[in-house]
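Each chain is listed here by its residues.
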Amino acid sequence: MKRLNLFIAIALLASVPSAPLLARDAPASADYAVGTQYDTTHVYVAPADFDRFVASVIATFGGTATKQGVFKVTPTASETMSQLVLTPAGSLSVFGFKTPIPYPFGAERNGYLVNDMDAAVAAATKHGAVRMVTTFPDPIGRDAVVQWPGGVAMQLYWHTAKPNYPALVTVPENRIYLTADVADSFVLHWLAFSKGKVTADERSAPGIEIGQPGKTYRRIAITSGYGRMTVAVSDGQIGWPYGRETTGYEVADLQATLAKATAAGVETLVAPQTYGGRQSAMVRFPGGYIAEIHAPTGH
């Protein structure tokens, strides 16, 4: 009888769905992050729009740009104009391809500088990423493109000569849109790789924040050595232009920033709205790059 009861207990235990693994419970990897000023949003524009785009970003946020050049930055035959834009609100790697863009380049949202290329790629794959492009040399270092659950693609890179860029005044946020099917999996694996932490998890945030008036969505805020990340978890029925932006930039004075942006040819797509402790607007730069810009409201 005791043996029969043991079998019944085991069967009942096996029939109970296991509790989901919380993102905060993810095992951490080593930290390969270098600094947020070295993490860049990747922007692809037509060569004809290249100079106007770079000028509009600097006019809007301030900062400087490195010397423009034409390089081969992919492992297969290609040629692109390239320039690094360093602003107090975030860095951008700008590409203006003169040849067709080889797959899958253009799908990655950003690039993260790491201090050990091989170890970082190994850690990423260990924690759920897949390599879209295996490690390859570029003119100044090595690169790889990885993709996380939910299709979130990014480039990891390493420089032969250690760079030295000024620290950011405000750290931009990587803005990611996912459905509930994959959001927990993405967060779990990203935290394990990045050694990050969830700083807020609002399960009923107002949908107006992502172009869904009358609805709510889940807003997850994450910080790590790779900067800030906001994961918007919804039904995926997002109003344009939300979801087209990959980065949100924090400024001290939104109205003053938008005035400078407008003077530089930047179009305001969504007028400033106040919610969640910030005033936020959506803009489109010359060349088509869409971004969120916000300023804290203090409440």
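In short, a report on the structure. (Residues numbered from 1 in each chain as written. Predicted model: local features only at pLDDT ≥ 70, side-chain atom pairs only at ≥ 80, totals over all residues. Heavy atoms only, no water.)

### Some words on the overall build of the protein chain
Next up, step 1: The helix and strand inventory of the protein chain stands at five helices and 17 strands.
Next up, step 2: Burial statistics for the protein chain: of 299 residues in total, 48% are counted as buried.
Next up, step 3: Counting contacts in the protein chain only where the partners sit at least 6 residues apart, residues at least 24 apart contribute 62% of the total. (Helix = DSSP H or I, 4+ residues; strand = E, 2+ residues; numbered from the N terminus. Buried < 20%, exposed > 50% of the residue type's maximum accessible area, 1.4 Å probe, protein only. Contact = heavy atoms within 4.5 Å.)

### Regarding the packing of aromatic side chains
Next up, step 1: The final tally for this structure, using the stated rule, is 17 aromatic pairs.
Next up, step 2: Ring centres of W148 and W190 lie 5.6 Å apart, and the angle between their planes is 90°; this geometry places the pair in the edge-to-face category. Of this pair, W148 sits in strand β8 (residues 141–148) while W190 sits in helix α4 (residues 180–194); the two residues are 42 residues apart in sequence, bridging distant segments of the chain. Assigned by exposure class, W148 and W190 land together as buried.
Next up, step 3: An angle of 20° between the planes, with centres 5.6 Å apart, marks the rings of F193 and Y226 as stacked. Placement of F193 in helix α4 and of Y226 in the loop between β12 (216–224) and β13 (227–234) is noted, with a sequence separation of 33 residues between them.
Next up, step 4: With a relative accessible area of 4%, Y226 lands in the buried category.
Next up, step 5: An aromatic cluster is defined as three or more aromatic residues linked by ring pairs; in this entry it consists of F53, F61, Y249, F285 and Y289. (Phe/Tyr/Trp six-rings, centres within 6.5 Å; stacked < 30°, edge-to-face > 60°.)

### So, empty space enclosed by the protein
Next up, step 1: Using the criterion set out here, one finds one cavity of 30 Å³ or more in the structure.
Next up, step 2: Contributing to the lining of the largest cavity are 18 residues, with D39, T41, N110, Y112 and P172 lying nearest its centre.
Next up, step 3: Those elements that place two or more of their residues in the lining of the largest cavity are β1 (40–44), β5 (90–97), β6 (110–113), β10 (173–179) and β13.
Next up, step 4: The residue makeup of the lining of the largest cavity, split by class, is four nonpolar, ten polar and four charged. (1 Å grid on protein atoms, 1.4 Å probe; cavity = no way out; pocket = protein on both sides within 12 Å on 5 of 7 lines; lining within 4 Å. Points joined across faces, edges and corners; volume = space filled by probe spheres on them. Nonpolar A, V, L, I, M, F, W, Y, C, P; charged D, E, K, R; others polar.)

### Thoughts on the pairing of strand β17 (residues 290–296)
Next up, step 1: In terms of burial, β17 is a largely internal element, six of the seven residues being buried.
Next up, step 2: Here strand β14 (residues 247–250) runs beside β17; their pairing, made up of three bridges, is parallel. Along β17, the bridge assignment pairs G248 with E292.
Next up, step 3: One ladder, built from seven bridges, connects strand β16 (residues 278–284) with β17; its direction is antiparallel. Bridge pairing in β17 places R278 opposite P296.
Next up, step 4: In this antiparallel pair of consecutive strands, β16 and β17, the connection spans five residues, and G287 shows a positive phi of 100°. (Pairing = 2+ DSSP bridges.)

### Concerning the side chain of T74
Next up, step 1: The residue T74 is located in the loop between β3 (69–71) and β4 (80–87) in this model.
Next up, step 2: Within the local environment of T74, its side chain forms a polar contact with the backbone oxygen of T76, the two atoms lying 2.7 Å apart.
Next up, step 3: With residues near it in sequence (within four places) discarded, T74 still touches F97, P102, F105 and F136. (Polar contact = N/O pair within 3.5 Å; in protein donor to acceptor, adjacent residues only side chain to side chain.)

### Quick look at the layout of surface pockets
Next up, step 1: Approximately 570 Å³ is the volume attributed to the largest pocket.
Next up, step 2: Only β1, β4, β5 and β9 (152–159) provide two or more residues apiece to the lining of the largest pocket.

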